[in-house]
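# Fold and geometry: a report
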Amino acid sequence: MNIEQQYIDLFEEQYDALCHNSTELMNAPRKEAMAHFEKQGIPKKGVERYRYTRLDDVLKVDYGVNMQCLLPKFNPYKEFECDAKGLGTDLHFLVNGVYYDKKPSDAEGVYVGSLKKFAAEHPERLRPYYNRLAAAQKDSMAEFNTAFVQDGLLLFVPRNTKVEDTIQLINILHSNVDMIIFRRILVVIEQGAEAKLLLCDHVTQQQRYFSSQVIEVFVGENAHLDIYDLEETHNLTARVNHVYVEQEGNSNVVINGTTLHNGLTRNDIYVDMIGQGANVELSGMAIADKEQHVDNHTFVRHKVPNCTSHELFKYVLDDVAVGAYSGRVLVERDAQKSYSEQSSKNLCLNSKAHMYTQPQLEIYADDVKCSHGATVGQLDEDALFYMMQRGIPKTEARMLLMFAFVSDVIDQIRIPSLQERLHHLTEQRFRGELDQCAGCALCQK
Amino acid sequence: MLVIKDLHASINGKEILKGINLNVKPGEVHAIMGPNGAGKSTMSNVLVGHPKYVVTKGSVTFNGKNLLDMAPEVRSHEGLFLSFQYPVEIPGVSMVNFMRSAINEQRKYHNLEPLAAGKFLKLMREKRAFVEMDSKLSNRAVNEGFSGGEKKRNEIFQMAMLEPTLAILDETDSGLDIDALRIVADGVNKLKAPDRSAIVITHYQRLLDYIKPDIIHVLYDGRIVKTAGPELALELEEKGYDWIKEELGE
Ligand SMILES: Nc1ncnc2c1ncn2[C@@H]1O[C@H](COP(=O)(O)OP(=O)(O)OP(=O)(O)O)[C@@H](O)[C@H]1O
Ligand SMILES: [Mg+2]
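### Remarks on the sheet that holds strand β17 (residues 339-348) of chain A
Residue and element names in this part refer to chain A. Strand order in this open sheet of 10 strands is β2-β1-β5-β7-β9-β11-β13-β15-β17-β19, and the pairing throughout is mixed. In this open sheet, the two edge strands, each paired with only one partner strand, are β2 (98-99) and β19 (369-377). Two strands pair when backbone bridges link them, and strand β13 (residues 279-288) and strand β15 (residues 308-317) are joined in this way by 10 bridges, in the parallel orientation. Across the sheet, the residue bridging to Asn 279 is Thr 308, located in β15. Here helix α11 (residues 394-410) sits on the sheet and contacts β11 (252-261), β13, β15 and β17; the angle it forms with β15, its principal contact strand, is near 155 degrees.

### Quick notes on the packing of helix α1 (residues 3-20) of chain A against helix α9 (residues 140-148) of chain A
Residues and elements named next belong to chain A. In the contact formed by α1 and α9, the axes pass within 10 Å of each other and the chain directions differ by 30 degrees. Taken together, the residues of α9 that come into contact with α1 (itself represented by Tyr 7, Leu 10, Phe 11 and Leu 18) are Phe 144, Ala 147 and Phe 148. Partitioned by chemical class, the residues of the contact of α1 with α9 number 7 nonpolar, no polar and no charged.

### Regarding unusual backbone geometry
All names here are of chain A. Positive phi is not limited to glycine here, since Lys 290 has a value of about 45 degrees. Tracing the backbone through its elements, the reader meets Lys 290 in the loop between β13 and β14 (293-302). Phi at Asn 306 is positive, roughly 65 degrees, even though this residue is not glycine. Along the polypeptide, Asn 306 turns up in the loop between β14 and β15.

### So, the coordination of the magnesium ion (ligand 2)
Residues and elements named next belong to chain B. Surrounding the magnesium ion (ligand 2) are the protein donor atoms Ser 41 (OG) and Gln 85 (OE1), which sit 2.0 to 2.1 Å from the metal. Of this pair, Ser 41 sits in helix α1 (residues 40-47) while Gln 85 sits in the loop between β6 (80-83) and β7 (90-94), and the two are 44 residues apart along the sequence. The exposure class of Gln 85 is buried, given its relative accessible area of 17%.

### With respect to the sheet that holds strand β3 (residues 29-33) of chain B
Residues and elements named next belong to chain B. Pairing within the open sheet is mixed, and its 6 strands lie in the order β6-β9-β10-β3-β11-β12. If you trace the sheet from one side to the other, it starts and ends with β6 and β12 (223-228), each paired once. Direction aside, neighbouring strands of the sheet carry axes that sit 20 degrees apart on average. As paired strands, strand β11 (residues 215-220) and β12 are joined by 5 bridges and run antiparallel to one another. Among the inter-strand pairings, Leu 219 is bridged to a residue of β12, identified as Ile 224.

### Some points on the interface of chain B and chain A
With 28 residues of chain B in contact, the opposing surface of chain A contributes 17 residues. Of the roughly 1900 Å² buried where chain B meets chain A, counting both sides, 68% is carbon and sulfur surface. Remark: the boundary between chain B and chain A carries 1 salt bridge. Scanning the region where chain B abuts chain A turns up 11 residue pairs in polar contact (both at pLDDT 80 or more). The set of elements that each furnish at least two residues to the side of chain B that touches chain A consists of α2 (72-77), β6, β7, α3 (95-109) and α6 (148-162) of chain B. Its residues placed into classes, the side of chain B that touches chain A shows 16 nonpolar, 8 polar and 4 charged.

### Let's talk about the confidence of the model for chain B
Mean pLDDT over chain B works out to 93, with 100% of the residues at or above the 70 mark. As a predicted assembly, this complex carries a pTM of 0.89 together with an ipTM value of 0.96.

### Points about the site of ligand 1
Residue and element names in this part refer to chain B. Taken together, 14 residues lie near ligand 1, and Asn 36, Gly 37, Lys 40, Ser 41 and Thr 42 sit nearest. For ligand 1, an oxygen atom lies 3.0 Å from a polar atom in the side chain of Gln 85. At 3.2 Å from an oxygen atom of ligand 1 is found a side-chain nitrogen or oxygen belonging to Glu 171. When ligand 1 sits alone it has 650 Å² of accessible area, and the protein chains cover 66% of it. Within the residue set of the shell around ligand 1, elements represented by two or more residues are β2 (14-24) and α1. Looking at the shell around ligand 1 element by element, the count peaks at 3 residues for α1. A per-class count over the shell around ligand 1 returns 3 nonpolar, 8 polar and 3 charged.

### Brief notes about the domain arrangement of chain B
Residues and elements named next belong to chain B. Domain parsing of chain B yields domain 1 (1-40 + 50-79 + 167-180 + 198-238) and domain 2 (87-164). Taking the mean C-alpha position of each, domain 1 and domain 2 sit 24 Å from one another. Contacts between domain 1 and domain 2 engage 12 residues on the former and 10 residues on the latter. Interface of domain 1 and domain 2: buried area, both sides summed, is about 940 Å²; carbon and sulfur atoms make up 62% of it. Considering only the surface of domain 1 that becomes buried against domain 2, His 77, Ala 167 and Thr 172 emerge as the three largest contributors, covering 47% of it. Remark: the boundary between domain 1 and domain 2 carries 0 salt bridges. For the pair domain 1 and domain 2, the interface holds 4 residue pairs in polar contact (both at pLDDT 80 or more). Mapped by element, the contributors of at least two residues to the side of domain 1 that touches domain 2 are α2 and β9 (166-170).

About the criteria used
Throughout, a residue's number is its position along its own chain's written sequence, starting from 1. Each chain takes a letter, starting from A, and each ligand takes a number, starting from 1, following the order in which they are written. In keeping with the model being predicted, local features are shown solely for residues with a pLDDT of at least 70 and side-chain atom pairs are shown and tallied solely at 80 or more, while totals for entire chains, interfaces and linings include all residues. Derived side-chain values reflect all non-hydrogen atoms in the structure, with water molecules and hydrogen atoms excluded from consideration. Strands are treated as partners if at least two bridges between them are detected by DSSP. Secondary structure elements follow DSSP: runs of H or I no shorter than four residues count as helices, runs of E no shorter than two count as strands, and numbering proceeds from the N terminus. For this analysis, residues touch if any pair of their heavy atoms sits within 4.5 Å. To get an axis, a line is fitted to the C-alpha atoms, and for a helix only the part in contact is used. The angle between two axes follows their N-to-C directions and goes from 0 to 180 degrees. Any residue outside Ala, Val, Leu, Ile, Met, Phe, Trp, Tyr, Cys, Pro, Asp, Glu, Lys and Arg is labelled polar, Gly included; the first ten of those are nonpolar and the last four are charged. Distances up to 2.8 Å from the metal define which N, O and S atoms are donors, and 3.2 Å serves for Na, K and Ca; water is absent from the atom set, so sites may look incomplete. Partly exposed describes any residue whose relative accessible area lies between the buried limit of under 20% and the exposed limit of over 50%, with all areas from a 1.4 Å probe on protein chains only and scaled to the type maximum. Buried area is a sum: the accessible area each of two parts loses on coming together, probed at 1.4 Å, counted once for each and added. A pairing counts as a salt bridge when a side-chain nitrogen of Lys or Arg comes within 4 Å of a carboxyl oxygen of Asp or Glu. Polar contact is defined as a pair of N or O atoms within 3.5 Å, subject to the rule that within protein one atom must be able to donate a hydrogen and the other to accept it, and that residues adjacent in sequence are counted only when both atoms are side-chain atoms. pLDDT is a residue-level measure of predictor confidence that goes from 0 to 100. Whether a residue is near a molecule or strand depends on its heavy atoms: it is near if one of them lies within 4 Å of it. For every accessible area listed, the method is Shrake-Rupley and the probe measures 1.4 Å; residues are considered covered only by the protein chains on display. Domain delimitation in this document rests on an assignment produced automatically or drawn from a domain database.

Take a look at the structure:
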């Protein structure tokens with residue numbers, strides 16, 4: 001039986017349980033999404049967007065599912081000593097895709113909490129948003145998520161409200177058996193509002209995990225949103241993450257992702273700029289060794305004039321790791337005075353590591369400024385020797401060079417304490433001290 | 001201090017050094033002159049252990065130890081310093097982090113604690129003043145976007161920080177303006193001590209006017225073909241290298 005069929009059968013058998021443990025708003029699109037998934041299947045060879053990442057192997061695993069939305073005996077608030085000492089964030093947890101209850105912070109109409117719960121109480125408020133961007137793109141892996149997802153996080157910031165504290169969502173996978181989990185994050189930042197969201201992915205046991213995540217982001221006029229995403233899982237984890245962003249006029253969005261430790265990762269970031277003067281900054285850093293695989297795919301659409309987009313992605317690959325970056329920028333006919341830059345810079349420390357990089361520009365307007373560039377290189381031997389002549393041993397010199405290489409991606413982070421923390425974690429990773437996720441290294445001092 | 005015996009070295013299978021003999025005693029300053037392509041930089045690089053070069057014959061001892069057996073960083077810790085003819089740019093690595101690593105690695109080698117942050121910055125300030133280097137330069141990445149002269153000044157700054165016992169200056173004077181030349185020369189002179197030595201590679205007399213060498217060598221086609229007192233430099237400046245070639249019967 002093929003892999004798709006297993007999930008199609010599972011869907012049919014468990015449909016009632018799926019719906020029963022979720023809510024109408026999330027249940028409504030399931031069947032249609034499943035039909036799309038059935039039609040397209042898991043992306044096969046020849047699907048351009050998934051050119052560098054095969055998902056068949058990681059989906060072949062016989063994963064357990066959590067359709068009853070059970071929480072394991074595991075209190076993340078107790079087992080993750082994460083408090084003001086750390087980053088001073090407003091902390092939330094999804095354990096195996098299920099929101100771990102916390103009193104919702106209701107200050108000034110801001111909602112941070114269970115997506116399922118809010119959707120059950122106020123479905124009409126989320127109807128204009130939920131699954132609108134995801135469904136439009138018809139990506140079979142996002143449809144897969146829509147079919148099965150039952151809970152997640154909602155961040156809703158009403159008009160002209162500024163959320164001071166960074167909201168931190170820690171995703172924990174915690175299971176005694178191999179497991180597939182689905183989660184959904186919906187972010188609505190209304191006109192003139194501001195927020196910062198930090199996402200951290202962690203796993204706790206040596207199981208195989210597959211996590212499917214879809215993030216839909218709506219940023220209103222003059223609104224600001226930063227999303228920082230840190231994956232620190234292990235070699236047995238596969239993650240497929242879709243981020244769909246819609247930006248209105250003069251909005252500002254920063255998305256900065258770090259793959260510090262993983263198994264197989266596919267991040268798919270789609271940005272629609274529908275209002276003039278919108279600006280988006282996408283950046284990413286990946287450090288991969290052993291057989292790790294990191295694929296970032298971005299697609300930025302300049303639909304209207306005067307929007308700007310910046311992309312900076314840097315990878316450091318060792319052993320037989322594989323990295324891929326494919327970035328597509330589409331400047332539509334009316335999008336005059338668009339500015340777009342894309343930069344993909346990569347270090348392969350080893351001749352067996354592979355980097356595929358493919359920046360792509362499609363321009364249909366005539367008055368635009370667009371640039372792109374990609375490099376794949378090794379550490380500069382002359383620089384290494386220069387440092388050794390000054391007494392710095394080769395391993396240390398390599399460290400300094402690698403660290404220097406990625407530091408401008410880290411510098412994109414606009415939360416100083418997080419920036420500092422990431423510099424530190426990156427250094428530890430290069431030194432081999434972070435061989436795998438040891439709990440929330442971000443929070444534990 | 002440094003004893004080089006019959007040193008042969010090659011790059012990509014091509015022999016460049018063809019039997020160098022040189023003996024530098026503590027406190028001495030030697031100058032090495034010689035036409036382009038003679039092998040001066042090659043000799044410097046071989047001494048500091050550049051992996052591009054292969055030593056095919058000969059020996060080098062430094063303070064009685066076999067220099068050629070040491071890793072490049074160990075040579076540095078043992079007191080050897082090369083001011084490169086072409087210093088490399090290291091984008092993204094700040095001068096401060098670079099120097100802190102260098103100093104603390106050296107201290108570690110000598111079983112000393114790392115320097116406290118305050119003390120380190122004070123040392124940076126002192127040495128910067130010593131070579132009259134703009135503080136802006138030391139806040140930047142190593143050599144990145146430095147002008148030719150600024151790079152050379154930065155080499156002397158690093159030398160002042162690391163206080164080597166044997167410094168090799170490979171054309172540190174080229175590309176320097178008159179003031180910078182004096183500062184570099186002063187930098188070298190201030191480091192002069194009975195237990196410190198220097199090898200100064202140059203094409204010009206003017207640096208030697210400031211740094212008074214004890215001995216002058218001419219390196220030609222991979223060998224030291226002439227050794228004499230300071231007056232030799234003046235003679236070379238006046239007459240060029242042809243007469244030496246003639247003496248050698250070429
Ligand atoms: N990679 C290489 N392959 C072959 N020959 C090389 C290589 N690198 C250097 N050489 C040769 O080695 C010889 C010595 O070069 P070196 O740089 O030591 O000369 P130098 O005396 O320092 O000259 P200058 O006064 O111009 O600085 C030159 O003929 C040069 O062309
Ligand atoms: Mg030279």
